[in-house]
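# Summary of structural features
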Amino acid sequence: MNLEQEKGSAENMSALEEKVDTLLRYCVADSAQLRRRYQLELLALLGAHARNEMASQIDGILLDLGIPDHLLGYGYLRSAISKVVHDPELAHCVTGALYPAVARQFGTTGQLVERAIRHAVESGWSRCQESMRQRYFGCKIRPGKQKPTNAEFIARVANIIRN
């Protein structure tokens, strides 16, 4: 086991120990108020784990699809996909709701978010291997076909994460 693996393992163990400790405190709490407090702590810890897991899945898919992580649009895509995973209706109103929500998060405008995402998708599409396109977009994508729109791309990746 190398140093990075040991560090990751120690971090995972620490997070697990924190969850177990909170669960034990919940179980032995002698009042409803304390139990509720520990329950909320445990839910927060589990929620953070789920968010980290989803972010890792999104990162893996974006990198598989050839999107360089140094692009500004990469971060915007991550955020947009995450928002659509939680609220699928946002995929139907990207210009009116999704881009402005991402823009507020990053302190920019919806137009800049749209352009940066389009650039990231174009960059990834030109770099991505055909086998990866097939894997994630299936038979909907024909060899030589144009790249998907931003909305199609975001909705497809969000559906993959959700399922």
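The structure reproduced in this document is the subject of the present report.

Quick notes on the rules
Residues numbered from 1 in each chain as written. Predicted model: local features only at pLDDT ≥ 70, side-chain atom pairs only at ≥ 80, totals over all residues. Heavy atoms only, no water. Helix = DSSP H or I, 4+ residues; strand = E, 2+ residues; numbered from the N terminus. Buried < 20%, exposed > 50% of the residue type's maximum accessible area, 1.4 Å probe, protein only. Contact = heavy atoms within 4.5 Å. Phe/Tyr/Trp six-rings, centres within 6.5 Å; stacked < 30°, edge-to-face > 60°. Axes fitted to C-alpha atoms, helices over the stretch in contact; angles between N-to-C directions. Parallel < 35°, antiparallel > 145°, perpendicular 65-115°, else oblique. Left-handed = near helix turned anticlockwise from the far one by under 90°. Nonpolar A, V, L, I, M, F, W, Y, C, P; charged D, E, K, R; others polar.

Once that is clear, we can look at the environment of Gly73. On the secondary structure map, Gly73 appears in helix α3 (residues 72-86). By relative accessible area, which is 2% here, Gly73 ends up buried. The sequence separation of Gly73 and Ile117 amounts to 44 residues, and the corresponding C-alpha distance is 4.4 Å. Excluding its chain neighbours within four sequence positions, the residues that come into contact with Gly73 are Ala116, Ile117 and Ala120.

Overall, the coordinates contain three aromatic pairs when judged by the stated rule. Here Tyr76 and Phe106 contribute two aromatic rings whose centre-to-centre distance is 4.9 Å and whose plane-to-plane angle is 70°, an arrangement assigned as edge-to-face. Here Tyr76, found in helix α3, pairs with Phe106, found in helix α4 (residues 94-106); they are 30 residues apart in sequence, far enough to count as distant. Residue classification places Phe106 among the partly exposed residues on the basis of a relative accessible area of 38%. Here Trp125 and Phe137 contribute two aromatic rings whose centre-to-centre distance is 5.4 Å and whose plane-to-plane angle is 85°, an arrangement assigned as edge-to-face.

The contact between α3 and α4 brings their axes to 10 Å, and the two run at 125°. Between α3 and α4, the angle is such that the two are oblique. Every pair of crossing elements has a handedness; the one defined by α3 and α4 is right-handed. For the pair α3 and α4, contact is made by Gly75, Tyr76, Ser79, Ala80, Lys83 and Val84 and by Leu98, Ala101, Val102, Gln105 and Phe106, respectively. Residue composition of the contact of α3 with α4, grouped by class: seven nonpolar, three polar and one charged.

Before going further, it helps to examine the packing of α3 against helix α7 (residues 150-162). Packed helices, taken two at a time, are described by their axes: the angle between them and the distance between them. Contact geometry for α3 and α7: axes closest at 9 Å, N-to-C directions at 60°. One way to sum up the angle between α3 and α7 is to call them oblique. Here the hand of the crossing between α3 and α7 comes out right-handed. Of the residues in α7, those in contact with Leu77, Ala80, Ile81, Val84 and Val85 of α3 are Phe153, Ile154, Val157, Ala158, Ile161 and Arg162.

Purely geometric numbers; function is a separate question.
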